[in-house]
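An overview of the molecular structure
Okay, here's what each chain looks like letter by letter:
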Amino acid sequence: MAATTKKTAEKSPATSQARLASLIKSARDTMRKDAGMNGDLDRLPQLSWLLFLKAFDERVEQEGEALDPDGYRRAIEEPYRWEDWATNPDFSGNELKTFVNEKLIPHLAGLVGDDAEDPRNVISTIFKNVVNRMQSGTLLRDLVSIVNQIHFVSTNDIHTMAFVYESILREMRDAAGDSGEFYTPRPVNRFMVQQSFLELDEAILDPASGTGGFLVQAYEDLKGRVNTDTQRRRLHKNIRGIEKKPLPYLLGAMNLLLHGIDTPHVTRANSLLEMRNFNASDKVEVVLTNPPFGGEEESTVVKAFPDGFRTQETAWLFLYSILDQLKLGGRCAIVLPNGSLFATGENSIGAKIKKKLMKDCNLHTIVRLPQGVFAPYTQIPSNILFFEKTGPTQEVWFYEIPLPEGRRGYTKTKPMRIEEFEPCVDWWGGKEREGREAGEQAWVVPASDIIASGFNLDIANPHMGDELAHRTPEELVDELVQTETEILELLKELRAGLGEQR
């Protein structure tokens, strides 16, 4: 290997948001020139694992040495440290590509930690599925040199990178949307975390953690209440995730690292199997999740569930597992589609799981989300179920979040905003849900009515029918014109996107 050039983080200049955005653009332009890269699903993982190594070097390794010069032991040793191979501009071409493909990635994938807290376990889990897709060693050199100009030293650097990284995650979501995977919009994340009223020392799990949206939001919600190092370490340990697929796992680990969790407690596994094997000590106080729905699981996973609850529908399997995973008194906020709410009948597994849900837990609130929250990736109507493992349900409150006035849906450029949840937050009644009143957007249904209907939870807003009946023909025609206009805008966006890909 060529000689190394050590750069100390302390001497690195801060990176402005404009400068960082420019560097990210340069990095993506460089990757577009490489014959091995075929779109965002190739480019974003390539950029993310390089960013992870740079961030880990500055955020964990260099900071660890600065805090404990004599006792800190690096997780990544020579010649695989960032400064050993990434900072020398003359280390390029086939020499660099061969080193990365045959030495660096295999070494990182083979790291073994001494205990669960050892960051080498996170690194090896990430790099077991990392592949350098760049065919040109020269372009790889250019890309590494660009990443080397990005810094993670100061708080401003971290905030700036976290901001830019969120835009990368949104584009990752766009790319993944074509293959049927949908990431939770940030306003939905924030609302679910806020209305879960998290406390320090509670174990918080997302069994379908994806890019870490719920975990980051939960950490942001709680970190301001930490006063000691012991509390901080405990908080890091209590923020837990499980993710099956390698790419979201990498992106999620990077996301948590950028937000200050140096050793993310995210397990790379099929969470449906993982949770079947959990014991009492693994149970948690809070589950926050948006599990995949509409998908199917392989037969070995289905067979891990008890007779009578075996189904290939992933949403049902996640809900059943969560009921087992919660501690007594624990609580959950979960996104489910309308189809899951509707399932009824004696032979319906969905109805059986809802029966178990309402018997074991207090399903106190169902928030019906506006049409198209996940647009343009899916138009499937969705809901957020809030429940506590505190005994049988007596009644269920429903709250319907309306679309903003004058809107018929959401688009990629006009997504949902957190402000749209404010009326619901005001109505909620705080942690104890006190003083709730029925109204235009809220209604309550006795559990006995739901049981009598075969556990149908797809109960429409009783005020909506009146509203429709009193609309004038002119209003209905105006709505049709507006809908057609929005469809035309979506087609224009689609046309523009097709043009960019050429």
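Reading the values: the criteria
Residues numbered from 1 in each chain as written. Predicted model: local features only at pLDDT ≥ 70, side-chain atom pairs only at ≥ 80, totals over all residues. Heavy atoms only, no water. UniProt positions renumbered as here; feature names shortened; annotations may be inferred. Helix = DSSP H or I, 4+ residues; strand = E, 2+ residues; numbered from the N terminus. Buried < 20%, exposed > 50% of the residue type's maximum accessible area, 1.4 Å probe, protein only. Contact = heavy atoms within 4.5 Å. Salt bridge = Lys/Arg side-chain N within 4 Å of Asp/Glu carboxyl O. pLDDT = per-residue confidence, 0-100. Core = buried A, V, L, I, M, F, W, Y, C linked by side-chain atoms within 4.5 Å. Phe/Tyr/Trp six-rings, centres within 6.5 Å; stacked < 30°, edge-to-face > 60°. Lys NZ or Arg CZ within 6 Å of the ring centre and 35° of its normal. Expected span 1.5 Å × (residues − 1). Axes fitted to C-alpha atoms, helices over the stretch in contact; angles between N-to-C directions. Parallel < 35°, antiparallel > 145°, perpendicular 65-115°, else oblique. Nonpolar A, V, L, I, M, F, W, Y, C, P; charged D, E, K, R; others polar. Polar contact = N/O pair within 3.5 Å; in protein donor to acceptor, adjacent residues only side chain to side chain. Pairing = 2+ DSSP bridges. Arc of directions from axis to C-beta.

- The name given to the protein in an unreviewed UniProt entry is site-specific DNA-methyltransferase (adenine-specific), with the source organism recorded as Streptomyces akebiae.
- Looking at the Catalytic activity (unreviewed entry) heading of the UniProt record, one finds this comment for the protein: "a 2'-deoxyadenosine in DNA + S-adenosyl-L-methionine = an N(6)-methyl-2'-deoxyadenosine in DNA + S-adenosyl-L-homocysteine + H(+)".
- UniProt, in the comment section headed Sequence similarities (unreviewed entry), describes the protein in these words: "Belongs to the N(4)/N(6)-methyltransferase family."

**Description of the overall build of the protein**
- Scanning the protein from N- to C-terminus turns up 20 helices and nine strands.
- Looking at the protein residue by residue over its 502 residues, the buried ones come to 51%.
- Across the protein, the fraction of contacts at a sequence separation of at least 24, relative to all contacts at a separation of at least 6, is 77%.

**As for the pattern of salt bridges**
- In this structure the tally under the stated criterion is 29 salt bridges.
- Between Glu-65 and Arg-74 there is a salt bridge, with its nearest N and O atoms 3.0 Å apart.
- Exposure remark for Arg-74: the relative accessible area of 9% places this residue in the buried category.

**Let's talk about the confidence of the model for the protein**
- The predicted model of the protein has a mean per-residue pLDDT of 85, with 84% of residues at 70 or higher.
- This model gives residues 1-11 a pLDDT under 50, and the stretch forms 22 contacts once residues within four places in sequence are excluded.

**Considering the nonpolar core**
- Core analysis: the biggest nonpolar cluster contains 133 residues, and Phe-52, Leu-53, Trp-85, Phe-127, Ile-384 and Phe-387 have the highest contact counts within it.
- Considering every element that reaches this core, the biggest residue donor is helix α2 (residues 40-67), with ten residues.

**With respect to the packing of aromatic side chains**
- Inspection of every chain in the model, using the stated rule, returns 16 aromatic pairs.
- When the ring of Tyr-399 is compared with that of Trp-427, the centres are 4.9 Å apart and the planes differ by 45°; the resulting orientation is tilted. You can see Tyr-399 sitting in strand β8 (residues 395-400) and its partner Trp-427 sitting in helix α17 (residues 422-428), a full 28 residues away along the chain.
- Judged by its relative accessible area of 6%, Tyr-399 is buried.
- Through a chain of ring-to-ring contacts, the aromatic side chains of Phe-191, Phe-386, Trp-397, Tyr-399, Phe-421, Trp-427 and Trp-428 assemble into a single cluster.
- Looking at Arg-276, its charged tip hangs above the ring of Phe-305, at a distance of 4.9 Å from the centre.
- Between Arg-436 and the ring centre of Trp-428, over which it is positioned, the NZ or CZ distance is 4.8 Å.

**Details of helix α11 (residues 246-258)**
- The end-to-end C-alpha distance of α11 is 18 Å, a good match for the 18 Å that 13 residues give at a rise of 1.5 Å each.
- Within α11, eleven of the 13 residues are buried, leaving the element largely enclosed by the surrounding structure.
- Within the sequence span of α11, burial applies to Pro-248, Tyr-249, Leu-250, Leu-251, Gly-252, Ala-253, Met-254, Asn-255, Leu-256, Leu-257 and Leu-258.
- Positioned one or two residues after α11, Gly-260 has a phi angle of 110°, which is positive.

**Some words on the packing of helix α4 (residues 93-109) against helix α6 (residues 137-148)**
- Packing of α4 against α6 leaves a shortest axis separation of 7 Å and a crossing angle of 75°. Relative to α6, the element α4 is oriented roughly perpendicular. Contact with α4, carried on its side by Gly-93, Leu-96, Lys-97 and Val-100, involves Gly-137, Thr-138, Leu-140 and Arg-141 of α6 and no other residues of that element.
- The class makeup of the residues in the contact of α4 with α6 is three nonpolar, three polar and two charged.

**A few points about unusual backbone geometry**
- The residue after Glu-78, namely Pro-79, is reached through a cis peptide bond having omega 0°.
- Within the secondary structure layout, Pro-79 lies in the loop between α2 and α3 (82-85).
- Even without glycine at this site, Arg-433 takes up a positive phi of about 55°.

**So, the environment of Ser-348**
- Inspection of the secondary structure puts Ser-348 in the loop between α15 (338-342) and α16 (349-360).
- Within the local environment of Ser-348, its side chain forms a polar contact with the backbone nitrogen of Ala-351, the two atoms lying 3.1 Å apart.

**Quick word on the sheet that holds strand β9 (residues 442-446)**
- One open sheet holds the nine strands; their spatial order is β3-β2-β1-β4-β5-β7-β6-β8-β9, and the pairing between them is mixed. One side of each edge strand has no neighbouring strand; the edge strands of this open sheet are β3 (265-268) and β9. Strand-to-strand twist in this sheet, taken as the mean axis angle between neighbours without regard to direction, amounts to 15°.
- Pairing of strand β1 (residues 204-206) with strand β4 (residues 284-289) involves two bridges; the strand directions are parallel. Within the sheet, the bridge partner assigned to Leu-205 lies in β4 and is Val-287.
- Along the sheet, helix α14 (residues 314-325) contacts β1, β4, β5 (326-337) and β7 (382-388); its crossing angle with β5, the most-contacted strand, is approximately 165°.

**Some thoughts on helix α1 (residues 17-32)**
- Relative to the 22 Å expected for 16 residues at 1.5 Å per residue, α1 spans 23 Å between its end C-alpha atoms, a close match to the ideal helical length.
- Those residues of α1 that sit buried are Leu-20, Leu-23, Ile-24, Ala-27, Arg-28, Thr-30 and Met-31. The buried residues of α1 occupy one face: seen down the axis, they fall within an arc of 155°. More than 90 degrees from the buried face of α1, the exposed residues found are Ala-18 and Lys-25.

**Topic: the environment of Gln-217**
- As for its position among the elements, Gln-217 is in helix α9 (residues 213-222).
- Residue Gln-217 is classed as buried on the basis of its relative accessible area of 14%.
- Placed 26 residues apart in sequence, Gln-217 and Phe-191 show a C-alpha to C-alpha distance of 9.7 Å.
- With residues near it in sequence (within four places) discarded, Gln-217 still touches Arg-186, Asn-189, Arg-190 and Val-193.

**A look at the side chain of Thr-393**
- By the secondary structure assignment, Thr-393 is in the loop between β7 and β8.
- Engagement of the side chain of Thr-393 in a polar contact is seen with the backbone oxygen of Cys-361, the distance being 2.7 Å.

**With respect to the pairing of β7**
- Along β7, seven of the seven residues are buried, which leaves the element largely enclosed by surrounding structure.
- What you see with β7 is no split at all: Ser-382, Ile-384, Phe-386 and Glu-388 on one side and Asn-383, Leu-385 and Phe-387 on the other are buried throughout.
- Note: β5 against β7, seven bridges, orientation antiparallel. Directly across from Cys-332, in β7, lies its bridge partner Phe-387.
- With six bridges connecting them, strand β6 (residues 362-368) and β7 associate as antiparallel partners. Residue pairing across strands places Thr-365 opposite Phe-386, the latter belonging to β7.

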